[in-house]
Amino acid sequence: MLSKSLSTSIQEALPDWRDKFLSYKNLKKQLKLIYPKDGKPNKRPRLDSTDGGDGGSKEESEVSKEVMDFILLLEDEIEKFNAFLSGKEKDYYIKWRELQDRAAKAKASNEELMKVRREIVGFHGEMVLLENYSALNYTGLMKIIKKYEKRSAAPVRLPFIQKVLQQPFYRIDVLKKLVKECETVLDHLFCVDEPSASSEATEEKLTKSKECESETSTVSNERQLKVPEELPEIMNLESMYMKRSFSALRVLKEIRTVEAQP
């Protein structure tokens, strides 16, 4: 699902995220076991089908098993998304409260205020990435289900989407609340006059971060209002979310570079 370049960028910036995305290749491989390119179910006989029994029944059983394996794999992926995102939301909630306390105490020191502001900008960039993590996995699921529906001619997409829309990894209620609070604090902190010329670099990072956050918020609203119907539309959305992820990764990398400077 992820492009090679995006996968490499995530591995470098957030290595613990790499295996948390949709295992699209495994799902696609499982789908091919059920429906090869000719569109006919791949009814492979079981190894014990030479016993003289009803071969057709066993073939159907084999197809059913492969379909069940596909469904179980989908459910495992959704559970993986939910566990990862819920864990991150809890971690971010704690970290955000700590940053808020530090920001409140740092107002008497320009140096400390600059440090906290940079950390908040980087923290915001990571939360934006998590929003895009949700969106990319959502579009990946939509894409594989659309392929399944096309090959099977079974109307499974809408029921599946209704289930996905209720999942924690899609709803991201806590994350959206944290992002909004973070943006409010950043707006307030950057209204404070800064005598140091070194703030220009931070201002630039903030500008890029705000552009990224604005685009992500718009995409989140569109995602809630409209479910993509056709595969090309799903792929366009996926491409858009990848670009958002690259933007957030770039901001995060630049902020970390500034923080590493003496």
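Overview of the structure. Predicted model, so just to flag it, every value in this text is computed and none were measured.

Turning next to helix α7 (residues 173-189). Taking 1.5 Å of rise per residue, 17 residues should cover 24 Å, and α7 covers 25 Å from first to last C-alpha, within 8% of that figure. Taken together, the buried positions of α7 are occupied by L175, L178, V179, C182, E183, V185, L186 and L189. Taken down its axis, α7 places every buried residue within 165° of arc, on the same side. Facing away from the buried side of α7 by over 90 degrees, the exposed positions are K180 and T184.

Core analysis: the biggest nonpolar cluster contains 63 residues, and W17, I120 and L141 have the highest contact counts within it. Counting only elements with at least two residues in this core, the list comes to α1 (4-13), α2 (24-34), α3 (55-105), α4 (110-152), α5 (157-164), α6 (168-171), α7 and α9 (231-260).

A word on the packing of aromatic side chains. Enumeration according to the criterion identifies 10 aromatic pairs in this entry. Measuring from centroid to centroid gives 5.5 Å for W17 and F84, while their planes differ by 80°, and the two rings are edge-to-face. In this pair, W17 sits in the loop between α1 and α2 while F84 sits in helix α3, placing the two residues 67 residues apart along the sequence. Each member of the pair, W17 as well as F84, is classed as buried. When the ring of F70 is compared with that of Y148, the centres are 5.2 Å apart and the planes differ by 10°; the resulting orientation is stacked. With F70 in helix α3 and Y148 in helix α4, the pair connects residues that are 78 residues apart, well separated along the chain. Three or more aromatic residues joined by ring pairs form one cluster here, namely W17, F21, F81, F84, Y133 and F169. Note that K143 overlies the ring of Y24, its terminal NZ or CZ placed 4.6 Å from the centroid.

Definitions and cut-offs
Residues numbered from 1 in each chain as written. Predicted model: local features only at pLDDT ≥ 70, side-chain atom pairs only at ≥ 80, totals over all residues. Heavy atoms only, no water. Helix = DSSP H or I, 4+ residues; strand = E, 2+ residues; numbered from the N terminus. Expected span 1.5 Å × (residues − 1). Buried < 20%, exposed > 50% of the residue type's maximum accessible area, 1.4 Å probe, protein only. Arc of directions from axis to C-beta. Core = buried A, V, L, I, M, F, W, Y, C linked by side-chain atoms within 4.5 Å. Phe/Tyr/Trp six-rings, centres within 6.5 Å; stacked < 30°, edge-to-face > 60°. Lys NZ or Arg CZ within 6 Å of the ring centre and 35° of its normal.

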